[in-house]
Structures are given as C-alpha cells and as structure tokens.
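# Observations on the three-dimensional arrangement
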Amino acid sequence: GLRLGWLSKQPLTAAEASHTWGAWLVTTGSVATSAPAPDSPLLYSLYTLLFWLFGATDATARAVPALCGVGLIGLLWYWRPWLGRTTALFAALLLAIDPWLVAYSRLADSTMLTIFLALLTLTGLWQLATVAETANIPTWRTTTAISFGLLLISGPQAWSYWVVLALFYWLVLANPAAVDASIAFAEDESPTPWATLRTQLSAPTIWILVAATAILGATCWLARPEGLGALSTSLSVWLSQITGTGTAAYSLGWLRWRLLLE
C-alpha cells in the first residue's frame with residue numbers, strides 16, 4: 001500500500017520526466033533534439049515497452065520502481081537460513097517502512113530497480129552456495145545470471161554495487177567455513193550444506209546468458225539499439241555523483257565521506 005497507492009496523485013517531477021522523456025518520444029514517434037540521454041538502458045527499454053502497451057501516464061512511469069520496492073521486501077524470505085527468522089522478519093519490516101526506500105519505490109528513476117536487482121543477484125549467489133536440493137540449482141543459476149545481466153544495465157547506481165559483490169565474494173566465497181558457522185548459529189533454522197559455487201559460476205553458459213540478457217535488456221529485445229549508448233551515460237552520471245564533476249565544487253574530503261557512506 002505504501003508503494004502502490006496513489007502513484008499518479010502527483011505529476012512527475014522534472015527529474016522523473018527526464019528519465020521517461022526519451023521513451024515517450026520513441027513511443028509517440030516524436031523527435032526532440034534537446035531530449036536528455038537516458039542513463040539507464042534497462043529503464044529506457046522498460047518504459048518504451050510499457051508506454052507502448054499501456055500508455056504514458058504518471059502511474060505507468062512509477063510502476064516499475066514500485067513493484068521492485070515490493071519485491072525487495074519479499075527477497076528477505078530466502079535469507080532466513082543465514083539471518084534467522086526473527087532477524088529476517090525485523091529486516092523486512094524495516095525495508096517496508098523505511099522512508100528512503102518508500103520514496104525511491106515511488107520515484108520514476110532507476111535507483112530502486114538497481115537495488116532490487118542487486119539484492120536478487122546476491123540472493124541467487126547465496127542460494128547457489130547453500131541450496132540443499134540439487135533440482136533447484138539450475139533455476140537459481142539461471143535466475144542469478146539474468147539478474148546480474150540486468151543489474152549491469154540498470155543505471156548509475158549499479159556501478160556502486162560492484163563493491164558489494166566484491167565484499168560478498170570475500171565474505172562468503174573465500175570463507176565457506178565462516179558461512180557454515182553462521183548458519184549453524186542462526187536461530188530456529190537447521191544448517192544447510194555448502195555447495196561448490198565456483199563450479200556453478202565457471203560454466204560458460206552462465207556468462208553467455210549474462211551477456212545475452214544485458215544486450216537484449218538494453219536494446220528492448222534488439223528493437224532500440226540506441227539503448228546501448230545509455231551504458232556509458234550511466235557511468236558518467238555515477239562518476240559525477242562520486243566526484244562532484246559537473247556540479248558545484250565539492251570539498252577535498254567529499255570523496256572520502258561519500259565512499260564511507262556507500
């Protein structure tokens with residue numbers, strides 16, 4: 001209700017409109033030389049498809065972030081074996097009512113899309129590392145590959161999550177004994193076996209699926225090849241957010257504080 005209610009009550013802000021304008025021009029057959037370049041290839045493709053199917057409205061523009069905000073809470077279901085059921089429940093409550101996450105879920109930009117895909121990728125990696133049923137491994141392997149491919153093209157914030165993925169590798173993949181111990185001490189959950197995640201990630205097919213997903217997602221299933229150009233735009237936007245380039249001059253200590261906050 002916090003995320004899906006009254007999505008069209010307020011019109012799009014100038015920042016939201018800049019993210020949707022390019023897709024709207026494509027679906028209406030219009031041309032504007034001064035239209036801002038999209039900084040999220042995936043969001044550009046999704047908006048192009050949604051506007052073509054359902055029309056360009058404020059609610060349609062905000063629907064994707066809102067649904068991703070709902071899905072973000074549901075992903076914690078799969079983290080109960082590590083966090084414990086009580087901790088996962090409180091974490092879900094925190095994600096559900098957190099003002100920033102609610103605001104991002106109701107904002108027509110790529111931030112919540114990136115957050116959801118990042119957690120989905122981490123969830124898939126965790127499941128591959130600890131899944132007990134062999135029959136579930138192909139499903140999670142495919143899910144993780146698709147999620148990671150979409151994360152790569154999701155927008156400027158995706159570049160920050162390379163740090164998160166690196167930390168996950170150091171914490172989990174390089175220290176399986178620590179993960180087994182954390183599972184064993186999690187409340188009201190039994191330990192789960194450790195799977196060979198490196199073997200799953202070394203299969204060439206998984207990286208082919210990652211590349212295919214990224215290409216098809218960025219180009220709206222090859223219908224809008226110009227979407228690939230938004231990938232470099234997203235990197236430029238991310239760098240400007242980190243360094244302050246293109247805005248008011250930041251202090252010398254800004255980069256240090258920004259990295260600490262990230």
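It should be noted that the structure appears before, not after, this text.
The following refers to the structure shown. Values in this document were obtained by computation on a predicted structure and should not be read as measured data.

### Re the layout of surface pockets
A volume near 290 Å³ is recorded for the second largest pocket. Leu 125, Phe 148, Leu 165, Leu 201 and Trp 207 are the residues nearest the centre of the second largest pocket, which is lined by 16 residues in total. Sorting the residues of the lining of the second largest pocket by element identifies helix H7 (111-130), helix H8 (137-152), helix H9 (161-173), helix H11 (197-201) and helix H12 (204-218) as the ones contributing at least two each. The dominant element in the lining of the second largest pocket, judged by the number of residues it contributes, is H9, at 6 residues. Of the residues that constitute the lining of the second largest pocket, the class distribution is 13 nonpolar, 2 polar and 1 charged.

### Some details on the packing of helix H3 (residues 58-74) against H7
Where H3 meets H7, the closest approach of the two axes is 8 Å, and the angle between their N-to-C directions is 30°. As for the relative orientation of H3 and H7, their crossing is left-handed in sense. For the pair H3 and H7, contact is made by Val 64, Pro 65, Cys 68, Gly 69, Gly 71 and Leu 72 and by Met 112, Leu 113, Ile 115, Phe 116 and Leu 119, respectively.

### Some words on empty space enclosed by the protein
According to the stated counting rule, one finds 1 cavity of 30 Å³ or more in the structure shown. Space inside the largest cavity adds up to approximately 30 Å³. Together, His 19, Pro 38, Asp 39, Ser 40, Leu 43 and Tyr 44 line the largest cavity. Counted by class, the lining of the largest cavity contains 3 nonpolar, 2 polar and 1 charged residues.

### Here we look at unusual backbone geometry
With a phi angle near 55°, Cys 220 is a residue other than glycine that sits in the positive phi range. Within the secondary structure, Cys 220 sits in the loop between H12 and helix H13 (230-243). Accessibility expressed as a relative area gives 19% for Cys 220, which makes it buried. Phi at Leu 222 takes a positive value of approximately 70°, unusual for a residue other than glycine. By the secondary structure assignment, Leu 222 is in the loop between H12 and H13.

### As for the environment of Gly 69
Along the polypeptide, Gly 69 turns up in helix H3. Of the residues examined, Gly 69 reaches a relative accessible area of 0% and is grouped as buried. Residues Gly 69 and Leu 4, 65 residues apart in the sequence, show an inter-C-alpha distance of 9.4 Å. Every residue in contact with Gly 69, bar those within four places of it in the chain, is listed here: Arg 3, Ser 105 and Met 112.

### Regarding the packing of aromatic side chains
If you walk through the whole model with that rule in mind, you get 8 aromatic pairs. Ring geometry for Tyr 47 versus Phe 51: centroids 5.3 Å apart, planes at 5°, classification stacked. Of this pair, Tyr 47 and Phe 51 both sit in helix H2 (residues 41-54), 4 residues apart, roughly one helical turn. Residue class for Phe 51 comes out buried when judged on its relative accessible area of 7%. Note on Phe 148 and Trp 207: the rings are 6.2 Å apart at their centroids and 85° apart in plane angle, and the pair reads as edge-to-face. Separated by 59 residues along the polypeptide, Phe 148 in helix H8 and Trp 207 in helix H12 bring together distant segments of the chain.

Procedures and definitions
Residues numbered from 1 in each chain as written. Predicted model: local features only at pLDDT ≥ 70, side-chain atom pairs only at ≥ 80, totals over all residues. Heavy atoms only, no water. 1 Å grid on protein atoms, 1.4 Å probe; cavity = no way out; pocket = protein on both sides within 12 Å on 5 of 7 lines; lining within 4 Å. Points joined across faces, edges and corners; volume = space filled by probe spheres on them. Helix = DSSP H or I, 4+ residues; strand = E, 2+ residues; numbered from the N terminus. Nonpolar A, V, L, I, M, F, W, Y, C, P; charged D, E, K, R; others polar. Axes fitted to C-alpha atoms, helices over the stretch in contact; angles between N-to-C directions. Left-handed = near helix turned anticlockwise from the far one by under 90°. Contact = heavy atoms within 4.5 Å. Buried < 20%, exposed > 50% of the residue type's maximum accessible area, 1.4 Å probe, protein only. Phe/Tyr/Trp six-rings, centres within 6.5 Å; stacked < 30°, edge-to-face > 60°.

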